[in-house]
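Survey of secondary and tertiary structure
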Amino acid sequence: MSRQNARDYLMALPAVFSLPILQARLGGDANKAAIYATRWHTRGLLERAGPRLGIYYNRVRDPQGLEASRLQAARLVFPSSVLIGSTVLHDAGWSTQISQVREVAVLVRRSYPAVDGVVFHGRTRVWYGQVHDGIIRDGVVPALKPAMALADAWADPELWHPDLDDLEAEDVDWPAAQKAFEVLGLAWPEDYPGEKEAPAP
């Protein structure tokens, strides 16, 4: 396949695709799919989403969309993906902290394959039930609403726990945040504004 034909062919493929998708487009020929993917990657037409994943970013179809492509790759690997953490808080204007990676919740398992620029955090089916009403589903990957993302961050020792000084306090929906903390059964942080529960007698 010539360089020009390769570009034309890749324009017909999604911005993010897996080897099985390419294989299906090539009449089910797994060997040809692997050869073409390696060749196109060498030419710089594709970028691997991570080691041993068999998922590629299509640089011909979407040369600038790496950020969205990372999330698409995460969802290809884990259909249960939900965006969480500091990225959600930043995107909502609740924090100026910018994370270098996207934090994504997935159904818990023993190990997680690597997707460049994405960190996976295991969550139980119970968690998915708890946060069901606190999820926005209109993006590349479903995302927690900022109030739920704030509460979830405090529930996970591996996530950033923002102090009041880390937040844009005037932009935070504090009643919604308190409700999210209650949903997850969490104590309200001492330095956050709002009513504190009276200590037990």
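Above this note sits the structure.
Computed from a predicted model, the values in this text were never measured in an experiment. Position numbers for residues count from 1 along each chain, tracking the sequence in the order it is written. With the structure being a predicted model, the display of local features is reserved for residues of pLDDT at least 70 and the display and counting of side-chain atom pairs for 80 or more, all residues being used for whole-chain, interface and lining totals. To get the side-chain values, take all heavy atoms of the structure and skip hydrogens and water.

1. So, the nonpolar core
As a reminder of what qualifies: What is meant by a nonpolar core is a set of buried Ala, Val, Leu, Ile, Met, Phe, Trp, Tyr and Cys residues, joined one to another through side-chain atoms within 4.5 Å. Here the term buried applies to any residue with accessible area under 20% of the maximum for its type, exposed to any over 50%, and partly exposed to those in between, with areas from a 1.4 Å probe on protein chains only. We count a stretch as a helix when DSSP gives it H or I for four or more residues in a row; a strand needs E for two or more, and each element gets its number in order from the N terminus. Only heavy atoms enter the contact rule, under which two residues are in contact if any of them lie within 4.5 Å.
In terms of nonpolar packing, the biggest core is built from 44 residues, with Val82, Phe120, Trp127, Leu144 and Leu150 touching the most fellow members. Top element by residues in this core is helix H7 (residues 146-155). It accounts for six residues. If sequence neighbours within four positions are ignored, Val82 has contacts with Glu103, Val104, Ala105, Trp127, Tyr128, Ile135, Val141, Pro142, Ala143 and Leu144. One finds Ala33, Tyr36, Leu45 and Tyr56 within the second-largest nonpolar core, a separate group that totals 14 residues.

2. Concerning the environment of Arg75
Counting through the fold element by element, Arg75 comes out in helix H4 (residues 66-77). The spacing of Arg75 and Val106 is 31 residues in sequence and 9.3 Å in space, taken between C-alpha atoms. Residues within four places of Arg75 in sequence aside, it is in contact with Ser81, Val140, Val141 and Pro142.

3. Details of the pairing of strand E3 (residues 55-58)
Walk down a regular strand and you will see the side chains alternate between the two sheet faces. To keep things clear, this is the line we draw: At least two DSSP bridges between two strands are needed for those strands to be called paired.
The two faces of E3 match: Ile55 and Tyr57 on one face and Tyr56 and Asn58 on the other face are all buried. In the sheet, strand E1 (residues 16-18) pairs with E3 via three bridges, with the strands oriented antiparallel. Each bridged residue has a counterpart across the sheet, and for Phe17 the counterpart in E3 is Tyr56. Bridging between strand E2 (residues 46-48) and E3 involves three bridges; their strand directions are antiparallel. Across the sheet, residue Glu47 finds its bridge partner in E3, namely Tyr57. From the end of E2 to the start of E3, which pair antiparallel, there are six residues, and Arg52 there has a positive phi angle of about 60°.

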